[in-house]
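# Inside the fold
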Amino acid sequence: YGKTEKEMDLMLEDVLDVQSWNEPGYRSLVFSDGWRAAMLNDVSRFYRENVNELQRHNTSDELFILLRGHCELLIGEVSEEQGMILNRVTLKPNVFYTVRRGVWHSHILEKDTSVAVIENADVGQMNTDYMALDLSTTEIRETGEAPDAD
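Residues numbered from 1 in each chain as written. Predicted model: local features only at pLDDT ≥ 70, side-chain atom pairs only at ≥ 80, totals over all residues. Heavy atoms only, no water.

## Concerning the overall build of the protein
When helices and strands are tallied, the protein shows one helix and eleven strands. Mapped in sequence order, the helices and strands of the protein form the string α-β-β-β-β-β-β-β-β-β-β-β. On the principal axes, the C-alpha backbone points of the protein span a range of 70 × 30 × 30 Å. Sorting the 150 residues of the protein into buried and exposed places 39% on the buried side. A fraction of 76% describes how many contacts in the protein between residues 6 or more apart in sequence connect residues 24 or more apart. Per element, the accessible surface of the protein, about 9,500 Å² overall, is 49% carbon and sulfur. Distance between charge centroids for the protein: 1 Å, based on 14 positive and 28 negative side chains. (Helix = DSSP H or I, 4+ residues; strand = E, 2+ residues; numbered from the N terminus. Buried < 20%, exposed > 50% of the residue type's maximum accessible area, 1.4 Å probe, protein only. Contact = heavy atoms within 4.5 Å. Areas by Shrake-Rupley, 256 points an atom, 1.4 Å probe, with all protein chains shown as cover. Lys, Arg positive; Asp, Glu negative; His and termini not counted. Charge placed at Lys NZ, Arg CZ, Asp CG, Glu CD.)

Structure, rendered in structure tokens:
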């Protein structure tokens, strides 16, 4: 195409943004046209013994992709007779799991787990509700793995 290797590298930098993050915690890495992509790496507040709340995002679906380790997604259903019932779904690596807006959820991570998270860029405390959770007293349905993708 008549361009030098240096010119091609400069062009690639203009059209390709590469981000990574391998430290423990949660970090948003990409913001684009109203959405963000983040990494959730080895976050101790999501270890089973530390999970103490559910959340629901009122303006955004939230997409989870297990990249490494073990993650269980807790999906809440409110029943007038039984109160909160949780469905536990074990995530498979490299499969997209979308929690719809307004659905109570949390997740349980094991050590050294990495999950990609994609959601609207404006998700935060102003449009998220929180509910206290006691895993020792809440009914949990063992649903195993989510249905296979289409």
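That was the structure; now back to the text.
## Focus: the sheet that holds strand 9 (residues 114-120)
Within the open sheet, the five strands sit side by side as 1-2-9-4-7. Their pairing is antiparallel. Every interior strand has two partners, whereas the edge strands, strand 1 (25-32) and strand 7 (96-99), have only one. On average, each strand axis in the sheet is tilted by 25 degrees relative to the strand beside it, whichever way the strands run. Of the strand pairs in this sheet, strand 2 (residues 35-41) and strand 9 are connected by seven bridges, and their pairing is antiparallel. (Pairing = 2+ DSSP bridges. Axes fitted to C-alpha atoms, helices over the stretch in contact; angles between N-to-C directions.)

## Digging into the pattern of salt bridges
Side-chain pairing between opposite charges can occur once the charged atoms of the two side chains come close. If you walk through the whole model with that rule in mind, you get nine salt bridges. Here Glu119 and Arg36 are joined by a salt bridge, their closest N and O atoms 2.8 Å apart. Taken as a pair, Glu119 in strand 9 and Arg36 in strand 2 lie far apart in primary sequence, 83 residues in all. Accessibility classification places Glu119 together with Arg36 in one group, the buried group. (Salt bridge = Lys/Arg side-chain N within 4 Å of Asp/Glu carboxyl O.)

## Concerning the pairing of strand 2
Among the seven residues of strand 2, six are classified as buried, and the element is accordingly described as predominantly covered. Taken together, strand 1 and the strand that follows it, strand 2, pair antiparallel across an intervening segment of two residues, in which Asp33 is found at a positive phi of about 45 degrees.

## Remarks on the layout of surface pockets
Quantified by volume, the largest pocket comes out at close to 290 Å³. Listed by contribution, the elements that provide at least two residues to the lining of the largest pocket are strand 2, strand 3 (53-57), strand 9 and strand 10 (128-132). Considering each element in turn, the lining of the largest pocket owes the most residues, three residues, to strand 3. (1 Å grid on protein atoms, 1.4 Å probe; cavity = no way out; pocket = protein on both sides within 12 Å on 5 of 7 lines; lining within 4 Å. Points joined across faces, edges and corners; volume = space filled by probe spheres on them.)

## Focus on the side chain of Glu62
Following the sequence through the fold, Glu62 ends up in strand 4 (residues 62-68). Although Glu62 lies buried, it forms no salt bridge, and the closest oppositely charged side chain, Arg36, sits 6.8 Å away as judged by the N-O distance. Among the polar contacts made by the side chain of Glu62, one reaches the side chain of His57 at a distance of 2.9 Å. (Polar contact = N/O pair within 3.5 Å; in protein donor to acceptor, adjacent residues only side chain to side chain.)

## A short note on a nonpolar patch on the surface
Side chains of Leu12, Val15, Leu16 and Val18 sit close together on the surface and give an oily, nonpolar patch of about 420 Å² of accessible area. Mapping Val15 onto the fold places it in helix 1 (residues 5-15). Val15 sits in the exposed class, given a relative accessible area of 69%. (Patch = residues over 30% accessible without salt bridge, like charges linked within 9 Å, V, L, I, M, F, W, Y side chains within 5 Å.)

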